[in-house]
Amino acid sequence: MSKIVVIGSSNTDIVIKSRSLPKPGETVLGEDYLMNPGGKGANQAVAAAKLGGSVAFIAKVGDDDFGRGARQNFARFGIDVSHISIDPDKPSGVAAIMVDDAGENSISVAPGANNALGVSEVKDALPVIEAANVVLLQLESPLETVEFAIRSSRGLGKTVILNPAPACALPGEFIAQLDVITPNETEAEILSGIPVKSIEGARKAAEVLKAMGVRAVVLTLGARGAFVLSDAFDGLIPVEPADAIDTTAAGDTFNGALAVALAEGRAIEHAVAFANRAGAISVTRMGAQASAPFREELPEPEIKI
Ligand code: ADP
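These numbers come from a predicted model, not from an experiment.

Now for the site of the ligand. Among the 17 residues in the neighbourhood of the ligand, the closest are listed as Thr220, Gly222, Gly225, Ala242 and Asn276. At a separation of 3.0 Å, an oxygen atom of the ligand approaches a polar backbone atom of Gly225. Expressed as a share of its isolated accessible area of 560 Å², the protein-covered part of the ligand is 83%. At the level of secondary structure, the elements contributing two or more residues to the shell around the ligand comprise helix H9 (250-263) and helix H10 (268-282). A per-class count over the shell around the ligand returns nine nonpolar, seven polar and one charged.

Turning our eyes to something else, we now look at the sheet that holds strand S2 (residues 11-18). In spatial order, the strands read S3-S2-S6-S7; together these four strands make up an open sheet with mixed pairing. Of all strands in the sheet, those with a lone pairing partner are strand S3 (30-38) and strand S7 (105-110), marking the two edges. Geometrically, the sheet is characterised by an average inter-axis angle of 15° between neighbouring strands, direction not taken into account. In terms of strand pairing, S2 meets strand S6 (residues 93-99) through seven bridges, oriented parallel. By the bridge assignment, Ile16 is partnered in S6 with Met98.

Turning our eyes to something else, we now look at unusual backbone geometry. A cis amide bond, omega 0°, links Ala165 with the succeeding residue Pro166. For Pro166, the position within the fold is in the loop between strand S9 (159-162) and helix H6 (172-176). Phi at Ala249 takes a positive value of approximately 70°, unusual for a residue other than glycine. Structurally, Ala249 can be placed in the loop between strand S13 (234-237) and H9. Relative accessible area serves as the criterion here: at 13%, Ala249 is assigned to the buried category.

Each strand in a sheet pairs with its neighbour through backbone hydrogen bonds, running either in the same direction (parallel) or in the opposite one (antiparallel). Spatial ordering of the open sheet is given by S5-S4-S1-S8-S9-S10-S11-S12-S13, a layout of nine strands whose pairing is mixed. A strand with exactly one partner marks an edge of an open sheet, and here the two such strands are strand S5 (84-87) and S13. Its contacts with the sheet place H9 against strand S1 (3-7), strand S8 (134-137), S9, strand S10 (180-181), strand S11 (216-220) and strand S12 (226-230), and it is angled at close to 165° to S8.

The rules behind each value
Residues numbered from 1 in each chain as written. Predicted model: local features only at pLDDT ≥ 70, side-chain atom pairs only at ≥ 80, totals over all residues. Heavy atoms only, no water. Near = heavy atom within 4 Å. Polar contact = N/O pair within 3.5 Å; in protein donor to acceptor, adjacent residues only side chain to side chain. Areas by Shrake-Rupley, 256 points an atom, 1.4 Å probe, with all protein chains shown as cover. Helix = DSSP H or I, 4+ residues; strand = E, 2+ residues; numbered from the N terminus. Nonpolar A, V, L, I, M, F, W, Y, C, P; charged D, E, K, R; others polar. Pairing = 2+ DSSP bridges. Axes fitted to C-alpha atoms, helices over the stretch in contact; angles between N-to-C directions. Buried < 20%, exposed > 50% of the residue type's maximum accessible area, 1.4 Å probe, protein only. Contact = heavy atoms within 4.5 Å.

Here it is in C-alpha coordinates:
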(Lines give C-alpha, C1' and ligand atoms only; values in the text may rest on other atoms or scores of the structure.)
Protein backbone atom coordinates (compact mmCIF):
# COMPACT_ATOMS: atom_id res chain seq x y z
CA MET A 1 0.00 0.00 0.00
CA SER A 2 1.24 3.48 -0.80
CA LYS A 3 2.42 5.28 2.31
CA ILE A 4 1.92 8.99 2.64
CA VAL A 5 2.67 11.41 5.46
CA VAL A 6 0.77 14.70 5.42
CA ILE A 7 2.07 17.47 7.66
CA GLY A 8 -0.19 20.48 8.13
CA SER A 9 -3.26 22.21 9.48
CA SER A 10 -6.57 21.03 10.84
CA ASN A 11 -9.43 23.48 11.29
CA THR A 12 -13.13 23.45 11.95
CA ASP A 13 -15.01 25.61 9.46
CA ILE A 14 -18.05 27.30 10.95
CA VAL A 15 -20.23 28.60 8.14
CA ILE A 16 -23.21 30.93 8.55
CA LYS A 17 -25.32 31.83 5.54
CA SER A 18 -27.21 35.12 5.61
CA ARG A 19 -28.86 37.50 3.14
CA SER A 20 -26.02 39.98 3.37
CA LEU A 21 -22.65 40.10 5.06
CA PRO A 22 -22.59 42.18 8.26
CA LYS A 23 -20.82 45.53 7.97
CA PRO A 24 -18.44 46.55 10.80
CA GLY A 25 -20.53 47.01 13.94
CA GLU A 26 -23.62 45.44 12.38
CA THR A 27 -25.42 42.23 13.39
CA VAL A 28 -27.41 40.37 10.76
CA LEU A 29 -29.70 37.42 11.35
CA GLY A 30 -28.30 34.40 9.57
CA GLU A 31 -30.08 31.41 8.08
CA ASP A 32 -28.41 28.01 7.88
CA TYR A 33 -25.46 27.09 10.03
CA LEU A 34 -22.92 24.42 9.05
CA MET A 35 -19.88 23.02 10.78
CA ASN A 36 -17.39 21.22 8.55
CA PRO A 37 -13.93 19.78 9.10
CA GLY A 38 -11.34 21.78 7.14
CA GLY A 39 -7.77 23.04 7.02
CA LYS A 40 -5.54 22.35 4.02
CA GLY A 41 -3.52 19.62 5.72
CA ALA A 42 -6.62 17.81 6.92
CA ASN A 43 -8.38 18.11 3.56
CA GLN A 44 -5.36 16.69 1.73
CA ALA A 45 -4.91 13.86 4.25
CA VAL A 46 -8.58 12.86 3.94
CA ALA A 47 -8.50 13.10 0.12
CA ALA A 48 -5.46 10.80 0.01
CA ALA A 49 -7.06 8.32 2.44
CA LYS A 50 -10.35 8.25 0.47
CA LEU A 51 -8.33 7.39 -2.63
CA GLY A 52 -6.76 4.38 -0.96
CA GLY A 53 -3.53 5.84 0.41
CA SER A 54 -2.17 4.64 3.73
CA VAL A 55 -1.96 8.05 5.41
CA ALA A 56 -0.40 9.35 8.61
CA PHE A 57 -1.25 12.95 9.51
CA ILE A 58 1.11 15.09 11.59
CA ALA A 59 -0.80 18.02 13.06
CA LYS A 60 -1.72 19.79 16.27
CA VAL A 61 -5.15 20.44 17.75
CA GLY A 62 -6.38 21.94 21.02
CA ASP A 63 -7.57 20.11 24.12
CA ASP A 64 -11.20 20.79 23.20
CA ASP A 65 -14.24 19.27 21.48
CA PHE A 66 -13.19 20.49 18.02
CA GLY A 67 -9.80 18.81 18.40
CA ARG A 68 -11.33 15.55 19.64
CA GLY A 69 -13.91 15.65 16.82
CA ALA A 70 -11.16 16.20 14.25
CA ARG A 71 -9.16 13.19 15.48
CA GLN A 72 -12.28 11.01 15.35
CA ASN A 73 -12.98 12.22 11.82
CA PHE A 74 -9.46 11.29 10.64
CA ALA A 75 -9.62 7.89 12.33
CA ARG A 76 -12.94 7.24 10.54
CA PHE A 77 -11.05 7.45 7.25
CA GLY A 78 -8.36 5.06 8.50
CA ILE A 79 -5.76 7.82 8.94
CA ASP A 80 -2.97 7.17 11.47
CA VAL A 81 -3.63 9.82 14.15
CA SER A 82 -0.79 8.84 16.49
CA HIS A 83 1.09 12.04 15.60
CA ILE A 84 -1.80 14.45 15.98
CA SER A 85 -0.69 16.07 19.19
CA ILE A 86 -2.76 18.10 21.60
CA ASP A 87 -1.67 21.56 22.67
CA PRO A 88 -2.59 22.12 26.33
CA ASP A 89 -2.98 25.89 25.94
CA LYS A 90 -4.11 26.84 22.45
CA PRO A 91 -7.56 26.06 21.06
CA SER A 92 -8.08 24.03 17.88
CA GLY A 93 -7.94 26.01 14.64
CA VAL A 94 -11.23 27.58 13.57
CA ALA A 95 -12.37 29.39 10.44
CA ALA A 96 -15.44 31.61 10.82
CA ILE A 97 -17.00 31.89 7.38
CA MET A 98 -19.93 34.10 6.44
CA VAL A 99 -21.60 33.60 3.07
CA ASP A 100 -24.26 35.86 1.56
CA ASP A 101 -27.01 35.10 -0.99
CA ALA A 102 -24.72 36.00 -3.89
CA GLY A 103 -22.09 33.49 -2.70
CA GLU A 104 -19.75 36.27 -1.56
CA ASN A 105 -17.89 35.38 1.60
CA SER A 106 -15.91 36.88 4.48
CA ILE A 107 -13.54 34.55 6.31
CA SER A 108 -11.57 34.98 9.50
CA VAL A 109 -9.20 32.17 10.53
CA ALA A 110 -7.85 31.63 14.04
CA PRO A 111 -5.03 29.08 13.53
CA GLY A 112 -4.75 28.33 17.28
CA ALA A 113 -2.87 25.07 17.85
CA ASN A 114 -1.82 24.87 14.17
CA ASN A 115 0.66 27.67 14.90
CA ALA A 116 2.17 25.56 17.67
CA LEU A 117 3.07 22.61 15.40
CA GLY A 118 6.81 22.70 15.95
CA VAL A 119 10.06 21.07 14.90
CA SER A 120 9.88 18.79 17.97
CA GLU A 121 6.59 17.22 16.80
CA VAL A 122 8.15 16.50 13.41
CA LYS A 123 11.23 15.02 15.12
CA ASP A 124 8.96 12.72 17.14
CA ALA A 125 7.32 11.58 13.91
CA LEU A 126 10.55 10.80 12.02
CA PRO A 127 10.00 7.01 12.27
CA VAL A 128 6.62 7.46 10.54
CA ILE A 129 8.24 9.60 7.86
CA GLU A 130 10.96 7.00 7.44
CA ALA A 131 8.32 4.34 6.75
CA ALA A 132 6.57 6.47 4.07
CA ASN A 133 7.23 6.99 0.36
CA VAL A 134 5.79 10.47 -0.02
CA VAL A 135 5.59 13.50 2.29
CA LEU A 136 3.02 16.20 1.48
CA LEU A 137 3.09 19.69 3.05
CA GLN A 138 1.36 23.07 2.75
CA LEU A 139 2.00 26.53 4.23
CA GLU A 140 -0.61 26.68 7.01
CA SER A 141 2.01 25.61 9.60
CA PRO A 142 4.99 27.62 10.91
CA LEU A 143 7.57 28.04 8.11
CA GLU A 144 10.39 26.82 10.36
CA THR A 145 8.50 23.55 10.91
CA VAL A 146 7.73 23.15 7.20
CA GLU A 147 11.37 23.78 6.33
CA PHE A 148 12.64 21.28 8.91
CA ALA A 149 10.15 18.66 7.71
CA ILE A 150 11.21 19.17 4.09
CA ARG A 151 14.91 18.91 4.92
CA SER A 152 14.56 15.82 7.09
CA SER A 153 12.20 14.05 4.68
CA ARG A 154 14.58 14.76 1.84
CA GLY A 155 17.46 13.45 3.95
CA LEU A 156 15.52 10.20 4.42
CA GLY A 157 15.14 9.91 0.65
CA LYS A 158 11.40 10.58 0.53
CA THR A 159 9.51 12.22 -2.33
CA VAL A 160 8.59 15.65 -0.96
CA ILE A 161 5.60 17.56 -2.36
CA LEU A 162 4.88 21.14 -1.28
CA ASN A 163 1.52 22.72 -2.04
CA PRO A 164 2.58 26.37 -1.54
CA ALA A 165 -0.80 27.52 -0.20
CA PRO A 166 -1.85 29.97 1.08
CA ALA A 167 0.21 32.07 -1.31
CA CYS A 168 3.46 33.33 0.15
CA ALA A 169 6.87 34.27 -1.28
CA LEU A 170 9.50 31.63 -0.45
CA PRO A 171 13.30 31.72 -0.50
CA GLY A 172 14.94 29.89 -3.42
CA GLU A 173 16.84 27.50 -1.07
CA PHE A 174 13.49 26.32 0.23
CA ILE A 175 12.21 25.49 -3.25
CA ALA A 176 15.50 23.78 -4.20
CA GLN A 177 14.85 21.06 -1.59
CA LEU A 178 11.56 19.94 -3.12
CA ASP A 179 10.77 17.10 -5.47
CA VAL A 180 7.42 18.55 -6.54
CA ILE A 181 5.80 21.97 -6.06
CA THR A 182 2.09 22.40 -6.84
CA PRO A 183 1.10 26.09 -7.01
CA ASN A 184 -2.17 27.31 -8.49
CA GLU A 185 -2.08 30.33 -10.82
CA THR A 186 -1.97 32.96 -8.05
CA GLU A 187 0.65 31.12 -6.03
CA ALA A 188 2.81 30.51 -9.11
CA GLU A 189 2.72 34.23 -9.89
CA ILE A 190 3.75 35.20 -6.35
CA LEU A 191 6.58 32.63 -6.28
CA SER A 192 7.94 33.30 -9.77
CA GLY A 193 7.01 36.94 -10.43
CA ILE A 194 5.52 35.83 -13.77
CA PRO A 195 1.80 36.45 -14.43
CA VAL A 196 -0.01 33.21 -15.23
CA LYS A 197 -2.83 34.19 -17.57
CA SER A 198 -2.21 31.65 -20.33
CA ILE A 199 -0.51 28.29 -20.93
CA GLU A 200 2.55 30.22 -22.15
CA GLY A 201 2.55 32.21 -18.88
CA ALA A 202 2.28 28.92 -16.97
CA ARG A 203 5.27 27.53 -18.87
CA LYS A 204 7.36 30.65 -18.14
CA ALA A 205 6.46 30.63 -14.43
CA ALA A 206 7.20 26.89 -14.25
CA GLU A 207 10.60 27.47 -15.90
CA VAL A 208 11.48 30.09 -13.27
CA LEU A 209 10.53 27.69 -10.45
CA LYS A 210 12.33 24.75 -12.07
CA ALA A 211 15.47 26.89 -12.34
CA MET A 212 15.32 27.31 -8.53
CA GLY A 213 16.07 23.58 -8.27
CA VAL A 214 12.72 21.81 -7.74
CA ARG A 215 12.56 18.55 -9.71
CA ALA A 216 8.99 18.92 -10.98
CA VAL A 217 6.58 21.85 -11.20
CA VAL A 218 2.87 21.00 -11.34
CA LEU A 219 0.96 24.22 -11.89
CA THR A 220 -2.79 23.74 -11.48
CA LEU A 221 -4.96 25.64 -13.94
CA GLY A 222 -8.55 25.01 -12.76
CA ALA A 223 -10.78 23.67 -15.56
CA ARG A 224 -7.80 23.54 -17.93
CA GLY A 225 -5.97 20.90 -15.89
CA ALA A 226 -2.34 21.26 -14.85
CA PHE A 227 0.92 22.26 -16.53
CA VAL A 228 3.85 19.96 -15.76
CA LEU A 229 7.53 20.77 -16.12
CA SER A 230 10.09 18.17 -15.14
CA ASP A 231 13.14 16.61 -16.78
CA ALA A 232 10.95 13.71 -17.91
CA PHE A 233 7.83 15.58 -19.06
CA ASP A 234 6.90 19.03 -20.23
CA GLY A 235 3.39 20.15 -21.17
CA LEU A 236 -0.27 20.59 -20.24
CA ILE A 237 -2.14 17.60 -18.83
CA PRO A 238 -5.71 18.59 -19.68
CA VAL A 239 -8.78 17.66 -17.64
CA GLU A 240 -12.32 16.98 -18.83
CA PRO A 241 -13.92 20.31 -17.74
CA ALA A 242 -16.64 19.80 -15.12
CA ASP A 243 -19.65 21.99 -14.28
CA ALA A 244 -18.38 23.35 -10.99
CA ILE A 245 -20.85 23.96 -8.18
CA ASP A 246 -18.31 24.38 -5.36
CA THR A 247 -14.57 24.67 -5.99
CA THR A 248 -13.67 24.60 -2.27
CA ALA A 249 -10.72 22.27 -1.76
CA ALA A 250 -10.31 21.36 -5.47
CA GLY A 251 -6.60 22.02 -4.99
CA ASP A 252 -6.55 19.97 -1.77
CA THR A 253 -8.20 16.99 -3.47
CA PHE A 254 -5.77 17.34 -6.38
CA ASN A 255 -2.77 17.31 -4.02
CA GLY A 256 -4.02 14.34 -1.98
CA ALA A 257 -4.57 12.39 -5.20
CA LEU A 258 -1.18 13.38 -6.60
CA ALA A 259 0.50 12.08 -3.43
CA VAL A 260 -1.35 8.75 -3.74
CA ALA A 261 -0.41 8.31 -7.39
CA LEU A 262 3.26 9.23 -6.85
CA ALA A 263 3.44 6.92 -3.82
CA GLU A 264 2.14 4.14 -6.09
CA GLY A 265 5.14 4.78 -8.32
CA ARG A 266 3.36 6.41 -11.26
CA ALA A 267 5.27 8.71 -13.60
CA ILE A 268 4.53 12.39 -13.01
CA GLU A 269 2.30 12.85 -16.08
CA HIS A 270 0.16 9.83 -15.13
CA ALA A 271 -0.01 10.96 -11.51
CA VAL A 272 -1.19 14.41 -12.63
CA ALA A 273 -3.84 12.88 -14.92
CA PHE A 274 -5.13 10.89 -11.90
CA ALA A 275 -5.10 14.04 -9.71
CA ASN A 276 -6.97 15.96 -12.42
CA ARG A 277 -9.73 13.37 -12.46
CA ALA A 278 -10.04 13.54 -8.66
CA GLY A 279 -10.07 17.37 -8.68
CA ALA A 280 -12.71 17.42 -11.42
CA ILE A 281 -15.06 15.22 -9.38
CA SER A 282 -14.57 17.35 -6.25
CA VAL A 283 -15.83 20.56 -7.92
CA THR A 284 -19.14 18.90 -8.83
CA ARG A 285 -19.99 18.37 -5.14
CA MET A 286 -20.41 20.60 -2.11
CA GLY A 287 -17.91 20.78 0.70
CA ALA A 288 -14.20 20.26 1.26
CA GLN A 289 -13.47 16.75 2.58
CA ALA A 290 -16.97 15.58 1.64
CA SER A 291 -16.40 16.39 -2.03
CA ALA A 292 -13.22 14.32 -2.44
CA PRO A 293 -13.89 11.07 -4.34
CA PHE A 294 -13.35 7.51 -3.12
CA ARG A 295 -11.04 5.31 -5.18
CA GLU A 296 -13.90 3.29 -6.70
CA GLU A 297 -15.29 6.51 -8.20
CA LEU A 298 -12.11 6.91 -10.21
CA PRO A 299 -11.93 4.01 -12.63
CA GLU A 300 -8.79 3.94 -14.74
CA PRO A 301 -9.49 5.25 -18.24
CA GLU A 302 -9.54 2.69 -21.03
CA ILE A 303 -6.29 2.58 -22.91
CA LYS A 304 -7.04 3.18 -26.58
CA ILE A 305 -4.68 1.32 -28.92
P1 ADP B 1 -7.15 25.86 -6.38
O2 ADP B 1 -8.45 25.29 -5.94
O3 ADP B 1 -6.03 25.57 -5.45
O4 ADP B 1 -7.19 27.29 -6.83
P5 ADP B 1 -7.34 24.99 -9.17
O6 ADP B 1 -8.50 25.92 -9.35
O7 ADP B 1 -6.21 25.13 -10.11
O8 ADP B 1 -6.74 25.02 -7.69
O9 ADP B 1 -7.92 23.50 -9.24
C10 ADP B 1 -7.15 22.38 -8.89
C11 ADP B 1 -7.45 21.23 -9.81
O12 ADP B 1 -8.84 20.85 -9.69
C13 ADP B 1 -7.25 21.53 -11.30
O14 ADP B 1 -5.90 21.36 -11.68
C15 ADP B 1 -8.15 20.47 -11.92
O16 ADP B 1 -7.55 19.21 -11.86
C17 ADP B 1 -9.35 20.45 -10.95
N18 ADP B 1 -10.41 21.40 -11.37
C19 ADP B 1 -10.70 22.61 -10.84
N20 ADP B 1 -11.75 23.17 -11.46
C21 ADP B 1 -12.16 22.28 -12.40
C22 ADP B 1 -13.22 22.24 -13.39
N23 ADP B 1 -14.12 23.24 -13.51
N24 ADP B 1 -13.31 21.15 -14.19
C25 ADP B 1 -12.45 20.12 -14.07
N26 ADP B 1 -11.44 20.09 -13.16
C27 ADP B 1 -11.31 21.14 -12.34
